[in-house]
Amino acid sequence: MIAINILHSNKHSLAHAGLISILKNVDGIETIYSVKNEKEIVSRLSFNKYEIAILDYDRVDAITIEIIHDINRVSPFSKILIISSTQNVSMIKQVIKMNVYGFISNTCGDEELVTAVRTIQGGEKHYSKEIIDLLEKHRKGREKEKTALSEREIQITALVAKGFSNKEIADKLYLSVHTIGTHRKNILKKLGFSSICHLVLYALHTGIINSEDYFVHGEPK
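None of these values were measured; they are calculated from a predicted model.

**Student:** How do you make sense of the packing of helix H8 (residues 166–173) against helix H9 (residues 177–191) when you look at a structure like this?
**Tutor:** The relative placement of two packed helices comes down to the angle between their axes together with the axis-to-axis distance. Running from N to C, H8 and H9 point in directions that differ by 110 degrees, and their axes come no closer than 8 Å. It follows that H8 is roughly perpendicular to H9 by the angle criterion. At the point where H8 passes H9, the crossing takes the right-handed sense. Here Asn 166, Lys 167, Ile 169, Ala 170 and Leu 173 of H8 lie close against H9, whose contacting residues are Val 177, Ile 180, Gly 181 and Arg 184.

In structure tokens, the structure reads:
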């Protein structure tokens, strides 16, 4: 069995002691080294090899994308496990797209931590039930919001959000400019919005358009 060395980032000595007590008997783990902050973890990884880097956050808003980029840069072979109670779905989705092998809540039990480490140790990813449930709830919420509009209204919303004029949309859909104008008014009224800016944000939030589809000053890409 390959020896696993773990680097644990948390400013509290008690948190590190607790993590050691939970993981010390897990087969394959050779060392668990502690650092106090993210700068130290990047510095340590620059000169030492650790198979797993645990970012243990005691504040829900403390996760930074930059540190994950830095870890991937200096130690691309290190598998990252994040421990946090953040409810920021956008942040969670962003970090799990990166080289992050695990994401669990800092309120999880001992067994959850051991399972996460063992799973990551085996080269697979692990996300706790709390994280999966949060992502699923967010997905269902977006789907529910999207179904507030008809298929035609979703189609027009996407084109409006992409910056096309009423005439351009009418030409694309083989409808009259008046019909498109009526649809736009009905869409804004149905959603309770007062401006196209709100509609663009809605389209981005619900996935009607992707961020790559959005452009500035109303000029198509």
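**Student:** How do you make sense of the packing of aromatic side chains when you look at a structure like this?
**Tutor:** The geometry of an aromatic ring pair comes down to the distance between the two centres and the angle between the two planes. Tallying each qualifying case throughout the model produces 1 aromatic pair. Judged by centre distance (5.7 Å) and plane angle (65 degrees), the ring pair of Phe 193 and Tyr 202 falls under edge-to-face. With a relative accessible area of 8%, Tyr 202 lands in the buried category. The positively charged end of Arg 44 is found above the aromatic ring belonging to Tyr 33, 3.7 Å away from the centroid. The ring centre of Tyr 101 lies 5.4 Å from the NZ or CZ of Lys 79, which sits over that ring.

**Student:** I tried to follow the pattern of salt bridges on my own but got confused; where do I start?
**Tutor:** As a working rule, side chains carrying opposite charge can pair if their charged atoms are close by. Counted by the stated rule, this structure contains 4 salt bridges. Between Asp 70 and Arg 73 there is a salt bridge, with its nearest N and O atoms 3.4 Å apart. Highlighted residues: Asp 70 and Arg 73, both in helix H3 (residues 65–74), separated by 3 residues, approximately one helical turn. For Asp 70, a relative accessible area of 27% corresponds to the partly exposed category. On the basis of relative accessibility, which here comes to 58%, the residue Arg 73 falls in the exposed class. For the salt bridge of Lys 129 with Asp 133, the shortest nitrogen-to-oxygen distance reads 2.6 Å.

**Student:** Help me understand the sheet that holds strand S4 (residues 79–83) in this model?
**Tutor:** Within a sheet, adjacent strands bond to each other through the backbone by hydrogen bonds, running parallel or antiparallel. Spatially, S2-S1-S3-S4-S5-S6 is the arrangement adopted by the 6 strands of the open sheet, whose pairing is parallel. Each edge of the open sheet carries a strand with a single partner, namely strand S2 (29–35) and strand S6 (126–127). Taken together, the 5 bridges between strand S3 (residues 52–56) and S4 define a ladder with parallel strand orientation. Looking at S4, one finds that Leu 55 is bridged to Ile 82. Sheet strands in contact with helix H2 (residues 38–47) are strand S1 (4–9), S2 and S3, and its direction is about 155 degrees off that of S1.

**Student:** What is the right way to read the nonpolar core from this model?
**Tutor:** Across soluble globular proteins, nonpolar side chains show a tendency to be buried alongside one another. Judged by nonpolar contacts, the single largest core of 26 residues is most densely connected at Ile 41, Leu 55, Ile 67, Ile 68, Ile 71, Ile 82 and Val 95. Broken down by secondary-structure element, the contributors of at least two residues to this core are H2, S3, H3, S4, helix H4 (89–96), strand S5 (100–104) and helix H6 (129–146). Those residues within four positions of Ile 82 in sequence are excluded, and the remaining contacts are Leu 55, Tyr 57, Ile 63, Ile 68, Val 95, Val 100, Gly 102, Phe 103 and Ile 104. In terms of nonpolar packing, the next biggest core, distinct from the first, is built from 21 residues, Leu 159, Val 160, Ile 180 and Val 200 among them.

**Student:** Explain H3 here, please?
**Tutor:** Given 3.6 residues per helical turn, the α-helix brings residues three or four places apart onto the same face. Regarding H3, the residues found buried are Ile 65, Ile 67, Ile 68 and Ile 71. Seen from one end, H3 has its buried residues packed into an arc of 165 degrees, which puts them on one side. Facing away from the buried side of H3, by more than 90 degrees, are the exposed residues Glu 66 and Arg 73.

What counts, and at which threshold
- Residues numbered from 1 in each chain as written.
- Predicted model: local features only at pLDDT ≥ 70, side-chain atom pairs only at ≥ 80, totals over all residues.
- Heavy atoms only, no water.
- Axes fitted to C-alpha atoms, helices over the stretch in contact; angles between N-to-C directions.
- Helix = DSSP H or I, 4+ residues; strand = E, 2+ residues; numbered from the N terminus.
- Parallel < 35°, antiparallel > 145°, perpendicular 65-115°, else oblique.
- Left-handed = near helix turned anticlockwise from the far one by under 90°.
- Contact = heavy atoms within 4.5 Å.
- Phe/Tyr/Trp six-rings, centres within 6.5 Å; stacked < 30°, edge-to-face > 60°.
- Buried < 20%, exposed > 50% of the residue type's maximum accessible area, 1.4 Å probe, protein only.
- Lys NZ or Arg CZ within 6 Å of the ring centre and 35° of its normal.
- Salt bridge = Lys/Arg side-chain N within 4 Å of Asp/Glu carboxyl O.
- Pairing = 2+ DSSP bridges.
- Core = buried A, V, L, I, M, F, W, Y, C linked by side-chain atoms within 4.5 Å.
- Arc of directions from axis to C-beta.

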